[in-house]
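For reference, the chains in residue letters:
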Amino acid sequence: MLWISDQWKDYEVLDASEGERLERWGKYILVRPDPQVIWATPHDAPQWKKYDARYIRSNTGGGHWSDHHLPERWQISYRDYLTFNVKPMNFKHTGVFPEQAANWDFIREKVASAHRQVRVLNLFAYSGGATLAAAAGGAEVYHVDAAKNMVAWAKENAIASGLADKPIHWIVDDCGKFIQREIRRGRRYDGIIMDPPSYGRGPSGEIWKMETSFYPFLQETAKVLSDNPLFVIINSYTTGLAPSAVAYASDVVFGSLYGGKTQAGELGLPVRQSGLVLPCGATGRWTP
C-alpha cells in the first residue's frame, strides 16, 4: 500500500534525481540528499540551477549547508489546520517530514469521528505534527520526546497552528521509562503513535537499536492501550525494514489482544517534474 501526501500547497518535491530531491518549502528552494533516489533523470527543472540552499554530505559523515540564502526560520502551513516553523538543521533536516501529512489526516479524522473523549500518546514525537493533528481532531494528547529542544519546537508549532490552548501535555522524557511509569499509574490511551529511531541513546545512556529494542518496547506499549482503542500508528525510517515487518510485529502484539488488523505500506510524495512518487519510509496503521 502507498499513502501519498498530495494535499500540500506550501511544500512540493519539484524533482528528484541522482540521490537528491529538489524541494519547495514555501517560497524557498532546497536541494537535499535522499538515498531512495537511485535513478537519474535530466535536470530540466530550472530550480536545479537557482536554489536557496543545498545540503552537501561529507565523505566522513554528516555534512553542511552550502549556498545558504535562507532566513533563520520561516513558516509553512498544511491544509487549514497546521502551521510549522521550518529551519535548516544539521543532518539535512528542516523540522518537518512532509510525507507524514497522510498520517496527520488519518489521525485527525479518526479522533474527530470517535465522537467521544479521546486520549492520544505520541512517542518519539519530534516537532509535533502528529500531536497537533490529534489535538486538532479534539484529543487530549501526551507528547513525549527525550530532546528538550524538539519539545520546545513542537510547542512553537502548536502556537503557530492556533492550538496552544488545547489539552497537550509536553513531556521531556525517555519513551521507555515514560511507558513504565504510565503502566504503574494505570493511565490508558485510545490512540498511540510512535516514530522510533533506528539507533539512539537515552538521557542516561540507554542504547536503542531498532532490531533488538523495538519489539519488547511494543509489548510494553500495548499495556497502556485502552479497552476501546482507536488506532496505533508505527512509523519507521530504518533502512531495510519492510512495511510488512512492521505490520507483523503490530498484529502479533495488538492483534492478539484486540483483534483488528494492521495496514502497512509506504508514505510517498508526488514529484512534479516526473510524475513519480518518492517513497519515504514505512508506516503501519493498526485499527481494531
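Scroll up a little and you will see the structure.
Residues numbered from 1 in each chain as written. Predicted model: local features only at pLDDT ≥ 70, side-chain atom pairs only at ≥ 80, totals over all residues. Heavy atoms only, no water.

Attention now goes to the pattern of salt bridges. Scanning all chains against the criterion turns up 16 salt bridges. With a closest N to O distance of 2.7 Å, Arg 32 and Glu 23 form a salt bridge. The pair Arg 32 / Glu 23 is uniform in exposure class, with both members buried. Among the ionic contacts, a cluster of salt bridges with common partners joins Arg 21, Glu 23, Arg 32 and Asp 34. (Salt bridge = Lys/Arg side-chain N within 4 Å of Asp/Glu carboxyl O. Buried < 20%, exposed > 50% of the residue type's maximum accessible area, 1.4 Å probe, protein only.)

Aromatic ring pairs are described here by two measures, namely the spacing of the ring centres and the angle between the planes. In the structure shown here, the tally under the stated rule is 16 aromatic pairs. The cationic tip of Arg 108 hangs over the ring face of Tyr 81; the distance from NZ or CZ to the ring centre is 3.7 Å. When the ring centre of Phe 106 is taken as origin, the NZ or CZ atom of Arg 285, which lies over that ring, is 4.5 Å away. (Phe/Tyr/Trp six-rings, centres within 6.5 Å; stacked < 30°, edge-to-face > 60°. Lys NZ or Arg CZ within 6 Å of the ring centre and 35° of its normal.)

A few words now on the sheet that holds strand 10 (residues 140–145). Pairing within the open sheet is mixed, and its eight strands lie in the order 1-16-17-15-12-9-10-11. A single partner strand is all that each edge strand has here, and the edge strands are strand 1 (2–4) and strand 11 (168–172). Sheet twist, expressed as the average angle between the axes of neighbouring strands with direction ignored, equals 20 degrees. Here strand 12 (residues 191–194) runs beside strand 15 (residues 231–236); their pairing, made up of four bridges, is parallel. (Pairing = 2+ DSSP bridges. Helix = DSSP H or I, 4+ residues; strand = E, 2+ residues; numbered from the N terminus. Axes fitted to C-alpha atoms, helices over the stretch in contact; angles between N-to-C directions.)

Trp 8, Trp 104, Ile 107 and Phe 231 are the most contacted members of the largest nonpolar core, which totals 45 residues. When residues no more than four places from it in sequence are discounted, the contact partners of Phe 231 are Phe 106, Ile 107, Lys 110, Val 111, Val 120, Asp 190, Gly 191, Ile 192, Ile 193, Trp 286 and Thr 287. Membership of the second largest hydrophobic core comes to 27 residues, among which are Ile 192, Trp 208, Phe 214 and Val 246. (Core = buried A, V, L, I, M, F, W, Y, C linked by side-chain atoms within 4.5 Å. Contact = heavy atoms within 4.5 Å.)

Turning our attention to helix 1 (residues 101–114). Quick reminder: α-helices carry 3.6 residues per turn. Residues three or four places apart thus point the same way. Taking 1.5 Å per residue, 14 residues should reach 20 Å; helix 1 reaches 20 Å between its end C-alpha atoms and fits that length. Buried within helix 1 we find Ala 101, Ala 102, Asn 103, Trp 104, Asp 105, Phe 106, Ile 107 and Val 111. (Expected span 1.5 Å × (residues − 1).)

Positive phi values are uncommon outside glycine, yet Asp 67 reaches one of about 50 degrees. Among the structural elements, Asp 67 can be located in the loop between strand 6 (63–66) and strand 7 (74–78). With relative accessibility at 42%, the residue Asp 67 sits in the partly exposed group. If you check the backbone angles, Arg 79 has positive phi at about 50 degrees while not being a glycine. Tracing the chain through its elements places Arg 79 in the loop between strand 7 and strand 8 (82–86).

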